[in-house]
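Survey of secondary and tertiary structure
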Amino acid sequence: AFDLRISTPEGRPASGIVTFPEKEGKYPILMLFNGYGFAGAEVTCMPNTITAHFNAHGFENDLSNIMARKKYYHDIMKNKNGYGYGFDPEENASNKTTYWRNMMIRNLLGLKYIKTLPCWDGKNIKVQGGSQGALQATTVAAHDNDVNFLEINVPWFCNLNGENKGYMAGWRPEFAEGLRYFDTVAEATRVKCPVKISARLGDYVCPPSTIMTLYNSFNVNKQLVFIQS
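Residues numbered from 1 in each chain as written. Predicted model: local features only at pLDDT ≥ 70, side-chain atom pairs only at ≥ 80, totals over all residues. Heavy atoms only, no water.

Comments concerning the packing of aromatic side chains
For the structure on display, the rule yields 13 aromatic pairs. An angle of 10 degrees between the planes, with centres 5.8 Å apart, marks the rings of Phe2 and Phe20 as stacked. Separated by 18 residues along the polypeptide, Phe2 in strand 1 (residues 2–6) and Phe20 in the loop between strand 2 (14–19) and strand 3 (27–33) bring together distant segments of the chain. On the basis of relative accessibility, which here comes to 33%, the residue Phe20 falls in the partly exposed class. Ring geometry for Tyr85 against Trp100: centres 6.0 Å apart, planes inclined by 55 degrees, an arrangement best described as tilted. Of this pair, Tyr85 sits in the loop between helix 1 (66–77) and helix 2 (99–114) while Trp100 is found in helix 2, placing the two residues 15 residues apart along the sequence. You can call Tyr85 buried: its relative accessible area is 1%. (Phe/Tyr/Trp six-rings, centres within 6.5 Å; stacked < 30°, edge-to-face > 60°. Helix = DSSP H or I, 4+ residues; strand = E, 2+ residues; numbered from the N terminus. Buried < 20%, exposed > 50% of the residue type's maximum accessible area, 1.4 Å probe, protein only.)

Here's the deal with the nonpolar core
Counting 54 residues, the largest nonpolar core has Leu150 and Phe218 as the members making the most contacts within it. Ignoring sequence-local partners within four residues, the contact set of Phe218 consists of Thr138, Leu150, Ile152, Ala188, Val191, Val195 and Ile197. (Core = buried A, V, L, I, M, F, W, Y, C linked by side-chain atoms within 4.5 Å. Contact = heavy atoms within 4.5 Å.)

What to know about the environment of Asn124
Looking at the element boundaries, Asn124 is found in strand 5 (residues 120–130). Taking the C-alpha atoms as reference points, Asn124 and Asp183, separated by 59 residues in sequence, lie 26 Å from one another. Filtering out sequence-adjacent residues up to four positions away, Asn124 remains in contact with Pro28, Ile29 and Asn148. There is a polar contact of 2.9 Å between the side chain of Asn124 and the side chain of Asp121. (Polar contact = N/O pair within 3.5 Å; in protein donor to acceptor, adjacent residues only side chain to side chain.)

Regarding helix 2
Between its first and last C-alpha, helix 2 extends 23 Å over 16 residues, near the 22 Å set by a 1.5 Å rise per residue. Those residues of helix 2 that sit buried are Tyr99, Trp100, Met103, Met104, Arg106, Asn107, Gly110, Leu111 and Ile114. Buried positions in helix 2, seen along its axis, are confined to an arc of 155 degrees and lie on one side of it. Summarising the contacts, the buried residues of helix 2 are in contact with strand 1, strand 2, strand 3, strand 4 (50–54), strand 5 and helix 3 (132–143). (Expected span 1.5 Å × (residues − 1). Arc of directions from axis to C-beta.)

So, the sheet that holds strand 1
The strands that make up a sheet pair up through hydrogen bonds in the backbone, lying either parallel or antiparallel. The strand order 1-2-4-3-5-6-7-8 describes an open sheet built from eight strands, whose pairing is mixed. The sheet is open, and its two edges are formed by strand 1 and strand 8 (222–227), each paired on a single side. For this sheet, the mean inter-axis angle between neighbouring strands, taken without regard to orientation, is 20 degrees. In this fold helix 2 packs onto strand 1, strand 2, strand 3, strand 4 and strand 5, with an angle of close to 160 degrees to the strand it touches most, strand 3. (Pairing = 2+ DSSP bridges. Axes fitted to C-alpha atoms, helices over the stretch in contact; angles between N-to-C directions.)

Some thoughts on the side chain of Thr49
Note on placement: Thr49 falls in the loop between strand 3 and strand 4. Not counting the four nearest positions on each side in its chain, Thr49 is found in contact with Thr19, Phe20, Pro21, Tyr27, Pro28, Ile29 and Leu30.

Here you go:
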């Protein structure tokens with residue numbers, strides 16, 4: 001397992017942990033993302049797979065001392081990008097200044113680096129995430145044509161501004177023009193690989209209507225599984 005820092009043009013690094021089998025060979029890539037919140041990447045191992053887990057913010061990973069970890073995240077939360085990141089209406093007025101732009105740049109550069117590993121089989125990349133992680137995974141699939149499978153769970157940030165047409169919004173930032181490009185639905189239109197979606201019919205954070213809009217925006221081989229409650 002390796003703790004990575006990959007420099008990016010926006011300042012913060014792409015920060016993740018990658019694991020791969022000790023046995024020499026060629027392996028597929030699995031790239032993972034977490035939901036909304038503050039957390040480092042975790043050591044995640046899958047058999048016969050290069051597994052890359054990236055955090056959303058370019059933060060430190062695997063802070064093993066619990067007191068050091070608490071202080072580290074507490075200090076981050078005190079600044080402007082603490083609790084409520086991505087919800088600042090001034091930042092969200094433009095797609096150039098919104099928090100989501102730099103997050104996605106980090107994600108894409110993380111995968112760009114992972115593809116340089118000589119143990120990648122050169123063919124198979126799966127990206128996976130839930131909630132905010134589903135937004136990140138969908139964006140990576142939309143902008144890296146080497147991704148050949150997308151799996152997302154309770155995808156968030158879908159059908160932004162749908163509330164002005166009578167749809168349930170769920171929990172997310174108030175709509176602003178700068179967010180349009182980062183709508184998971186907008187990203188879905190660019191995805192070229194198969195996708196599997198799972199969601200919940202009683203979800204008030206990622207409501208079913210937003211999931212259906214997302215599903216209908218994928219123009220690929222696709223599967224949607226709704227679970228009750």
